[in-house]
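What follows is the residue order along each chain.
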Amino acid sequence: MGRYVVRRLLQMIPVFIGTTFLIFVMVYAVGDPVNAMFGERAPDPATAAQLREEFNLDKPIWQQYVLYMGNIFTGDFGNAFNGQPVTELMATAFPITIRLAVLAIVFEILVGITLGVLTGLRRGRPIDSGVLMLTLVVISVPTFVTGSLAQYVLGVKWGWISPAVSPAAPARELLLPALVLALVSLAYVTRLTRTSIAENARADYVRTAVAKGLSRRRVTVRHLLRNSLIPVVTFLGTDVGNLMAGALVTERIFNIHGVGFQLWQGIVRQNSPTVVGFVTVLVIVFLLANLLVDLLYAVLDPRIRYA
Amino acid sequence: MRAATRTTVIRRALAAAGAVALTATACASSSDGGGGGSADGVVRAFWTDPQHPVEPANTNEVQGGKVLDMISRGLKKYNPTTGAAENAVAESIESDDQQNFTVKLKKGWKFSDGTAVTAKSFVDAWNYGALVTNKQINSYFFQYIEGYQDVHPEKGKPTAKTLSGLKVKDARTFTVKLNQKFSLWPQTLGYSAYAPLPKSFFTDHSGWLEKPVGNGPYKVDSYTKGQSMKLSRNTHYAGDDKPRNKGVELKVYTDQNTGYTDLQAGNLDVVDELPAGQLKNAKRDLGGRYINQPAGIIQTISFPMYDKAWQSEKAIKVRRGISMAINRKQVSEKIYHGTREPATDLTSPVLKAAGGYQPGLCGDVCSYDPKQAKKLIEEGGGLPGGKITLTSNVDTGSHRQWMEAVCNSINRTLGRNSACTVNPVPTFSEFRSDITDRKMTGMFRTGWQMDYPLIQNFLQPIFYTDASSNDSGFSDPQVDKLMDKANSATDEKAAIGLFQQAEKRILDTLPAIPLWYQNGNAGYSSRVSDVKLNPFSVPVFTDIKVK
């Protein structure tokens, strides 16, 4: 297992280099960010040249990339164009988004799996059809609609919550945004769990367990659920990355100053250091989440071994 | 045994997740209260993070400008209602020849850190702003001062560190020598790029950027980038527009819609950027607390005058025809819900007639007349190549909508569906690069937001030969001559008259079609009163009263 982990970590290096290079090229290829700094005005050539030199924009792109990566390995992600170090932006943005993502995943696990088990064991009953219908609705309505609607109704009409989350973004204020963020994935988790449970409910080992006289609870949780969780865990693993980046819409709606917001600002303002820096970290998060998922497989199903 | 270990793993994982969630909640409750209520008497206003560090010569967008407007005062300031330049720190700015000026400062002005505002505070600040190695985006504001070429050469290293045209005479007097005659120059000095700077700006620059210090009606108490800036009254303020509230809290929002929602929920007092989608409802939603007034911004469509196809005498007819084919009134009502005014000259209503705004100067050319339009375009030999494109970036400002409407209007006039097509450029910087590199072949969007309420600012930077924002590449010796003459005129009225003559000449050639004047829009809560926008469409914070 240890060797497997080491190999996987080594494999991450080329993936990491490849993805960051692609992002770097894409971000820097869409136009000259210095041009945009001058607004509607034609940039004054002398000042523009100085700025290009400061941000290394006067060098060929491969050289820019090498310089950039060199700095990253010393922990220097460069400065955003408003003069703030990107690491400082990360230090404020990531904790908030991680809090939001953790809450969202907790919602997905608790509500999604519970609903999935309930419906999977009661296939065809009213509760099953009801939940299926509901998940269909949730999946088909885009997040920004649910978000804006929840914000308007709960925030403006009824005044239960504040429509905008305060800068500190305490977990209490993040509950609703996290639910909104989790909703679509939650629906998928429910459906995945339901199918998986329904399939395994007829398996031999379940029949054996029941025949042994085990309690219904023990059969469901220890035997049925554990074996049914593999597809769900795979989904949740990839969803971690999605939640971190996909928080973009939710964060904008609820005024949460997290990763999604910083990324969006970076893109709108052609702030290349911000965009590349944040995406680089997201790539690492993504890779680690996938590794964790693969390792969890063995915990759930001992037949899966690592060599 | 195996099974037992595995359960422990899962349990541990769950415990860890729980712990994370708990810590998150715990942190939250301890740092509570920062977001919710605000101190009494403080105006809570919509803000987004400024694009650059807030410093006078490096701020060219509204959000940073808002702060500078509150924390600094230059030699002049623009009257929030009339737009006229009035003395602020200056006691007098005099000249005999429109080129050499003597500036005298009033007594008693201080920065919020208690140090005095002297002639040196201005001279040092201007020298800093002009020096190319300081990479200040607004450097070009100092281009009329003698010696600018030496501190800001187009290529290579500067040969001087300070502007030779600036000389400190005594603590409250300095002289300015310009490199050309410019009679309206004193009236440009209300722009925040000309603000004085305290010593601390030069001795501790990064510290100053963290917490800017100025001589304006407010001082910065705290600034957390990406979250908020809290300002309170500057007790040292010597101006007569002292704040009528206890302070201002600028709250950073991720999205205009959220700001608007927060205004409706009563968590915010002033929003000066209403989301385009809400303009239709804003008046009804907010009761009377909605502002829609001229803002010193004009939108135009320019032609690439550097392209052969657009240079001929006949092309002038085509351009006029295109202008007459655009139904400005309909677009500004249907798309902008009355927040744009069809343009009939090249300036803005905020200048008022006294400042050179002359409605109708454009004549018939700016009114919708499809029959005449078609005739003119045909007389001019039709559109070059049979069709035309309209180019703009589409990442911000809902440009696509009006572009399509304008093209439709042209197509209907000509009775051909493909005569005008929209050419969307994905990003603003790409669009700007194309313009700067002179790559345009058809019409493209141009807009101008004034730096100061002067007719000179609406014409010279855009239409003077090789001027800094002459995107169309327009050049007419006669126009240049008229502007030079206007700048050396001894009295203001004569200068404005000459600028209007130049404007008329530009409109005859029509390198740019006036589309509409843009209004400033704002909404406010019932907690505050006396909210208005200045000619730059920035709220006049000092006047706002909190109930």
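Since this is a predicted model, take the numbers as computed values, not measurements. Starting from 1, residues in each chain are numbered consecutively following that chain's sequence as written. Chains and ligands are labelled by the order in which they are written, letters from A for the one and numbers from 1 for the other. In keeping with the model being predicted, local features are shown solely for residues with a pLDDT of at least 70 and side-chain atom pairs are shown and tallied solely at 80 or more, while totals for entire chains, interfaces and linings include all residues. Side-chain figures throughout are based on the complete set of non-hydrogen atoms in the structure, without hydrogens or water.

Asks: Which parts of the structure should I look at to understand the side chain of S472(B)?
Replies: Residues and elements named next belong to chain B. Helix and strand assignments come from DSSP, with helices taken as H or I runs of at least 4 residues and strands as E runs of at least 2, each series counted from the N terminus. Mapped onto the elements of the fold, S472 is located in the loop between helix 15 (455–463) and helix 16 (477–488). A polar contact is formed between the side chain of S472 and the backbone nitrogen of F474, at a distance of 3.4 Å. By definition in these notes, contact holds between two residues if any of their heavy atoms fall within 4.5 Å. Apart from residues no more than four positions distant in its own chain, S472 is found in contact with S302, F303, P304, M305, Y306, F444 and P511. Polar contacts, as used here, are pairs of N or O atoms within 3.5 Å; protein pairs need one atom able to donate a hydrogen and one able to accept it. Residues neighboring in sequence count only if both atoms are side-chain atoms.

Asks: Even after reading the chapter, I still don't get the interface of chain B and chain A, so can you show me in this structure?
Replies: Accessible area lost during the coming together of the parts is what is often quoted as the interface size. On the side of chain A, 56 residues touch chain B, which itself brings 56 residues to the contact. Two parts lose some accessible area (1.4 Å probe) when they are put together, and adding that loss for both gives the buried area. For the pair chain B and chain A, the two sides together bury roughly 4900 Å², of which 55% comes from carbon and sulfur. The salt bridge definition used is simple: a Lys or Arg side-chain nitrogen within 4 Å of an Asp or Glu carboxyl oxygen. The tally of links between chain B and chain A comes to 2 salt bridges. Across the pair R252(A) and D255(B) runs a salt bridge whose closest N-O atoms are separated by 2.4 Å. Joining chain B to chain A, the criterion identifies 12 residue pairs in polar contact (both at pLDDT 80 or more). Here the element with the most residues in the side of chain B that touches chain A is helix 1 (residues 2–30) of chain B; it accounts for 8 residues. Each residue is assigned to one of three groups, with Ala, Val, Leu, Ile, Met, Phe, Trp, Tyr, Cys and Pro labelled nonpolar, Asp, Glu, Lys and Arg labelled charged, and all others, Gly among them, labelled polar. Considering only residue class, the side of chain B that touches chain A consists of 16 nonpolar, 26 polar and 14 charged.

Asks: Just to check I follow, could you spell out the pattern of salt bridges for this structure?
Replies: Between side chains of opposite charge, a pair can form when the charged atoms approach closely. All names here are of chain B. A complete count under the given rule lists 21 salt bridges over all chains for this structure. Its salt-bridge partner being K329, residue E333 comes within 3.7 Å of it at the nearest N-O pair. Within this pair, E333 and its partner K329 are both found in helix 10 (residues 328–334), separated by 4 residues, close to a single helical turn. When a residue's accessible area, from a 1.4 Å probe over protein chains only, is under 20% of the maximum for its type it is buried; when over 50% it is exposed; and in between it is partly exposed. When its relative accessible area of 47% is taken as the criterion, E333 is described as partly exposed. The class of K329 is exposed, set by a relative accessible area of 54%. One network of salt bridges, in which partners are shared, links R44, D269 and R527.

Asks: How should the sheet that holds strand 7 (residues 173–177) of chain B be read in this particular structure?
Replies: By definition, the strands of a sheet pair up through backbone hydrogen bonds, in either a parallel or an antiparallel sense. Residues and elements named next belong to chain B. Taken together, 4 strands build an open sheet; the order of strands is 4-5-7-6 and the sheet is antiparallel. Of all the strands in the sheet, the pair left with one neighbour each is strand 4 (90–95) and strand 6 (166–170). Strand after strand, the sheet turns through a mean of 20 degrees between neighbouring axes, direction not considered. The axes are straight lines fitted to the C-alpha atoms, using for helices just the contacting stretch, and the angles between their N-to-C directions are given from 0 to 180°. Against the sheet, helix 3 (residues 119–130) makes contact with strand 5 (100–105), strand 6 and strand 7, and its axis sits at roughly 170 degrees relative to strand 6, the strand it touches most. Pairing between strands is defined by DSSP: at least two bridges between the two strands are required.

Asks: In this structure, what is going on with the packing of aromatic side chains? I would like to understand it.
Replies: A ring pair, where both rings are aromatic, is described by two values, the distance of the centres and the angle of the planes. Residues and elements named next belong to chain B. Note on ring pairs: Phe, Tyr and Trp rings are taken, using the six-membered ring of Trp, and paired if centres are within 6.5 Å. Classes follow the plane angle, with under 30 degrees stacked, over 60 edge-to-face and the rest tilted. For the structure shown, the criterion picks out 32 aromatic pairs over all chains. With a centroid separation of 6.3 Å and 45 degrees between ring planes, the pair formed by W126 and F142 is classed as tilted. Pair noted here: W126 is in helix 3 and F142 is in the loop between helix 3 and helix 4 (148–151), with a separation of 16 residues, a long-range link. Across the pair, exposure class does not vary: W126 and F142 are buried alike. Ring centres of Y336 and W516 lie 5.8 Å apart, and the angle between their planes is 65 degrees; this geometry places the pair in the edge-to-face category. One end of the pair, Y336, is in the loop between helix 10 and strand 13 (340–342); the other, W516, is in strand 17 (residues 512–524), and 180 residues separate them in sequence. Comparing Y336 with W516, the two get one shared label, buried. The structure contains a cluster of three or more aromatic residues connected by ring pairs, namely F101, F122, W126, Y140, F141, F142, F174, W185, Y191, Y194 and Y452. To sit over a ring, a charge needs its Lys NZ or Arg CZ within 6 Å of the ring centre and within 35 degrees of the ring normal. The cationic tip of R319 hangs over the ring face of F303; the distance from NZ or CZ to the ring centre is 5.8 Å.

Asks: Got a minute to help me understand the environment of N457(B) in this structure?
Replies: Residues and elements named next belong to chain B. Residue placement: N457 occurs in helix 15. Classification of N457 by relative accessible area gives buried; the value is 1%. Sequence separation of N457 and G386 is 71 residues, and the distance between their C-alpha atoms is 36 Å. In contact with N457, not counting residues within four places along its chain, are W448, M450, D451, Y452 and I462. A polar contact is formed between the side chain of N457 and the backbone nitrogen of D451, at a distance of 2.7 Å.

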